[in-house]
Amino acid sequence: MFKRDEILQTIEMIDQQHLDIRTITMGISLQDCARESAENCCNKIYDKITRCAEKLVKTGEDIESEFGIPIVNKRIAVTPIAKVAASSDTEDYTMFAETLDRAAKEVGVNFIGGFSALVHKGFTLGDIRLINSIPTALAATERVCSSVGVATTRAGINMDAVRLMGRQIVEAARLTADNGGMACAKLVVFSNPVEDNPFMAGAYHGEGEPECVINVGVSGPGVVHHALKAVRGESFDVVAETIKKTAFRITRMGQLVAREASQRLGVPFGIVDLSLAPTPAVGDSVAEILEELGLESVGTHGTTAALAMLNDAVKKGGVMASGHVGGLSGAFIPVSEDANMIAAAERGDLNLDKLEAMTCVCSVGLDMIAVPGDTPAETISAIIADEAAIGMINNKTTAVRIIPAPGKKVGDTVHFGGLLGSAPVMPVHDKSSAAFIARGGRIPAPLHSLRN
Amino acid sequence: MKAIVTVIGKDRVGIIAEVCALLAKNDVNVLDISQTILKGYFTMVMMVDTSGCKMAFSELSKLLQEEGEHTGLSVRIQREDIFEAMHRI
């Protein structure tokens, strides 16, 4: 029998500290769906997704009710569409996005990721067609997420792709101007993207993945925050140990749900993503943890060190709790999805430069950041280039999900609703990066010795 | 299948009787009970066996929750695996 305290502690974590499984994401390979006729290809894609994921949502709900743990999202990641659609006889890939959207609605998932291309070294025909279609595809669909890999540590940075993505982000915002530039909230630009990431908007089903797989992302910033309240004023040795123990518990729950979902669906278990993912709900904030550690506001001096310690301790605690760890694994810092980050940005205590520094030590990058609507495409490209460089040099995943909010200026707020929250418009540097971005070409892959 | 039932609410006469009657009616066998008053609230944790219950687990869970709400109690049932995962290595 368990101790009464243990049982009540678990219930308190779920009821009052927002402990939940953030997502069960089914990865589905679409490699066998390629057809010369785009229409046939779309039919194949629709059939395969709806067949594989038919029971995904129901299974998630069953597990939710039996274990009494909320599973917030059920999602799907598919093979990058640029690969699947490459042999089809069409240049506009919007119809592929629409097919994904229809399939997502049919099986009841709230997001489907994989309208993606990997172009860190160069573009195939399929890649360029896909990237050209991103703004219209995201404007025409509701649940489709898109990602583009523009850099890796091994290949360097494709600056042509960086330049192009700056323009596509501006265009995607323009096409969804009456919705706050919503399309940009579903678009991520990656350096070192991972193949088994269960989190949106960057999820896709990578090349090394099996036919179908279940990946699980856990959450629980509120639980970590609560645990840290009990060790106020103690040294970082104690703090790190407390975070590790908490992360262990959270991840064990993720592992249990992943195993159960995998068994019931008859689909292999892939990984648990050891992440602290915030939501806009009060008490479900990563920034609040950093503030609990003794910072008056997230964004002030010390934030990077605090985040580095948090990120590392979460991984150390979580890794022993799960058989297979993967995905992005780390603390997320999406500004619009974290109540205390929103507050800090509104106060001016948190700016883009500090966020950039924070991305050096955590997962995953400049995430859900709104900037003024008149920000030049070259400036956005330059922000992407900076972030890609951090990922490339430090051998880690970094990403940019930025929204040049149409018609908005610094001080305004863009509301996306739901998990995407609301983003205060943050200032960017006003000096031009245009000539830098105009150069194009590739930034060569970095050296891996002489590390300093 | 073993599961944990937790009952939390304002203390009054007859809570244990009501919950046990409801469980018995649905062929759920009680294996262990631990009960106390915590910060003024009636708090009960029961280990039960649901293998004789004819209802689906999710229906049983819904029934307990609804019946609890009628009488001002938070009643929940969860498979024991979740506690096992979280508190035992």
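The structure this text deals with has already been given above.
This structure is a prediction, so every number in the text was calculated from the model and none was measured.

1. A look at the overall build of chain A
Turning to step 1, where the next piece is worked out: Helix and strand content of chain A: 15 helices and 14 strands.
Turning to step 2, where the next piece is worked out: Over its C-alpha atoms chain A spans a radius of gyration of 21 Å, differing by no more than 12% from the 22 Å that the globule rule assigns to 452 residues.
Turning to step 3, where the next piece is worked out: Reported as C-alpha extents along the three principal axes, the dimensions of chain A are approximately 65 × 55 × 50 Å.
Turning to step 4, where the next piece is worked out: Among the 452 residues that make up chain A, the fraction classed as buried is 62%.
Turning to step 5, where the next piece is worked out: Within chain A, contacts between residues at least 6 apart in sequence are counted, and of these 79% link residues at least 24 apart.

2. Quick word on the packing of helix α8 (residues 221-229) of chain A against helix α9 (residues 236-265) of chain A
Residues and elements named next belong to chain A.
Turning to step 1, where the next piece is worked out: It is the contact of α8 with α9, at a shortest axis distance of 9 Å, that shows an interaxial angle of 145°. Note on packing geometry: the crossing formed by α8 with α9 is right-handed. Of the residues in α9, those in contact with Val-223, Val-224, Ala-227 and Leu-228 of α8 are Val-239, Thr-242, Ile-243, Thr-246 and Ile-250.
Turning to step 2, where the next piece is worked out: When grouped by side-chain class, the residues that make up the contact of α8 with α9 number 7 nonpolar, 2 polar and no charged.

3. Quick word on the interface of chain A and chain B
Turning to step 1, where the next piece is worked out: Across the boundary between the two partners, chain A contributes 27 residues, which contact 28 residues of chain B.
Turning to step 2, where the next piece is worked out: Carbon and sulfur atoms supply 65% of the area that chain A and chain B bury against each other, a total of about 2600 Å² over both sides.
Turning to step 3, where the next piece is worked out: Seen at the junction of chain A and chain B, the total is 4 salt bridges.
Turning to step 4, where the next piece is worked out: For B:Arg76, the salt bridge identified is with A:Asp15, shortest N-O distance 2.5 Å.
Turning to step 5, where the next piece is worked out: Of all the elements in the fold, those that place two or more residues in the side of chain A that touches chain B are α1 (4-16), α3 (56-67) and α9 of chain A.
Turning to step 6, where the next piece is worked out: Top element by residues in the side of chain A that touches chain B is α1(A). It accounts for 10 residues.

4. Here we look at a nonpolar patch on the surface
Turning to step 1, where the next piece is worked out: On the surface, A:Val319, A:Met320, A:Val325 and B:Ile89 cluster together into a nonpolar patch covering about 430 Å² of accessible area.
Turning to step 2, where the next piece is worked out: Mapping B:Ile89 onto the fold places it in the segment after α3 (81-87).
Turning to step 3, where the next piece is worked out: By relative accessible area, which is 81% here, B:Ile89 ends up exposed.

5. With respect to helix α6 (residues 125-140) of chain A
Residues and elements named next belong to chain A.
Turning to step 1, where the next piece is worked out: Here α6 contains 16 residues, and its C-alpha end-to-end distance of 22 Å stays within 8% of the 22 Å for a straight helix at 1.5 Å per residue.
Turning to step 2, where the next piece is worked out: At Ile-134, α6 shows its strongest bend, of approximately 50°, with the proline Pro-135 following within four residues.
Turning to step 3, where the next piece is worked out: Buried within α6 are the following residues: Gly-126, Asp-127, Arg-129, Leu-130, Ile-131, Ser-133, Ile-134, Pro-135, Ala-137 and Leu-138.
Turning to step 4, where the next piece is worked out: As for α6, its buried residues are in contact with α4 (81-85), α5 (94-107), β3 (111-118), β4 (144-152), α7 (159-175) and β6 (187-191).

6. Observations concerning the pairing of strand β7 (residues 212-218) of chain A
Residue and element names in this part refer to chain A.
Turning to step 1, where the next piece is worked out: In terms of burial, β7 is a largely internal element, 7 of the 7 residues being buried.
Turning to step 2, where the next piece is worked out: Every second residue of β7 is oriented toward a common face, with Cys-212, Ile-214, Val-216 and Val-218 on one face and Val-213, Asn-215 and Gly-217 on the other, all of them buried.
Turning to step 3, where the next piece is worked out: Two strands pair when backbone bridges link them, and strand β1 (residues 21-28) and β7 are joined in this way by 7 bridges, in the antiparallel orientation. Paired with Thr-25 across the bridge in β7 is Asn-215.
Turning to step 4, where the next piece is worked out: Bridge count for β7 against strand β8 (residues 269-273) is 3 bridges, and the pairing is parallel. In the strand pairing of β8, Gly-217 is matched with Asp-273.

7. Description of the sheet that holds strand β4 (residues 73-79) of chain B
All names here are of chain B.
Turning to step 1, where the next piece is worked out: One open sheet holds the 4 strands; their spatial order is β2-β3-β1-β4, and the pairing between them is antiparallel. Here the strands that pair on one side only, and so sit at the sheet edges, are β2 (29-38) and β4. For this sheet, the mean inter-axis angle between neighbouring strands, taken without regard to orientation, is 15°.
Turning to step 2, where the next piece is worked out: Note that β2 and strand β3 (residues 41-49) share 9 bridges and pair antiparallel. Note on β3: the bridge partner recorded for Leu-38 is Tyr-41.

8. Concerning the state of the cysteines
Residue and element names in this part refer to chain A.
Turning to step 1, where the next piece is worked out: Taken as a whole, this structure holds 0 disulfides over all chains when the rule is applied.
Turning to step 2, where the next piece is worked out: For the unlinked cysteine Cys-42, the closest cysteine sulfur is that of Cys-41, found at 5.8 Å.
Turning to step 3, where the next piece is worked out: Its sulfur unpaired, Cys-212 is 4.6 Å from the next cysteine sulfur, which belongs to Cys-52.
Turning to step 4, where the next piece is worked out: Given a relative accessible area of 12%, Cys-212 falls into the buried group.

9. Here's the deal with the pairing of β6(A)
Residue and element names in this part refer to chain A.
Turning to step 1, where the next piece is worked out: Burial runs high along β6: 5 of the 5 residues are buried.
Turning to step 2, where the next piece is worked out: Of the pairings in the sheet, the one linking β4 to β6 comprises 5 bridges and is parallel in character. Across the sheet, the residue bridging to Gly-149 is Phe-190, located in β6.
Turning to step 3, where the next piece is worked out: Bridge count for β6 against strand β11 (residues 398-405) is 3 bridges, and the pairing is antiparallel. Within β11, the residue paired with Phe-190 across the bridge is Ala-399.

10. Thoughts on the pattern of salt bridges
Turning to step 1, where the next piece is worked out: Taken as a whole and assessed by the stated rule, the structure comprises 27 salt bridges over all chains.
Turning to step 2, where the next piece is worked out: Between A:Glu211 and A:Lys48 there is a salt bridge, with the nearest N and O atoms lying 2.3 Å from each other. Here A:Lys48 lies in helix α2 (residues 38-52) and A:Glu211 lies in the loop between β6 and β7, a separation of 163 residues in the sequence.
Turning to step 3, where the next piece is worked out: The class for A:Glu211 is partly exposed, based on a relative accessible area of 47%.
Turning to step 4, where the next piece is worked out: In this structure, A:Asp349 and A:Arg347 form a salt bridge, with 2.7 Å as the shortest nitrogen-oxygen distance.
Turning to step 5, where the next piece is worked out: Take A:Asp349: its relative accessible area is 33%, and that puts it in the partly exposed class.
Turning to step 6, where the next piece is worked out: One salt-bridge network, held together by shared partners, links A:Glu66, A:Glu260, A:Arg264, B:Arg79 and B:Asp81.

Parameters and conventions
- Residues numbered from 1 in each chain as written.
- Chains lettered and ligands numbered in written order.
- Predicted model: local features only at pLDDT ≥ 70, side-chain atom pairs only at ≥ 80, totals over all residues.
- Heavy atoms only, no water.
- Helix = DSSP H or I, 4+ residues; strand = E, 2+ residues; numbered from the N terminus.
- Rg over C-alpha atoms; globule rule 2.2 N^0.38 Å.
- Buried < 20%, exposed > 50% of the residue type's maximum accessible area, 1.4 Å probe, protein only.
- Contact = heavy atoms within 4.5 Å.
- Axes fitted to C-alpha atoms, helices over the stretch in contact; angles between N-to-C directions.
- Left-handed = near helix turned anticlockwise from the far one by under 90°.
- Nonpolar A, V, L, I, M, F, W, Y, C, P; charged D, E, K, R; others polar.
- Buried area = accessible area lost by both parts, 1.4 Å probe.
- Salt bridge = Lys/Arg side-chain N within 4 Å of Asp/Glu carboxyl O.
- Patch = residues over 30% accessible without salt bridge, like charges linked within 9 Å, V, L, I, M, F, W, Y side chains within 5 Å.
- Areas by Shrake-Rupley, 256 points an atom, 1.4 Å probe, with all protein chains shown as cover.
- Expected span 1.5 Å × (residues − 1).
- Bend = angle between axes of the 7 residues up to and from the residue.
- Pairing = 2+ DSSP bridges.
- Disulfide = S-S within 2.5 Å.

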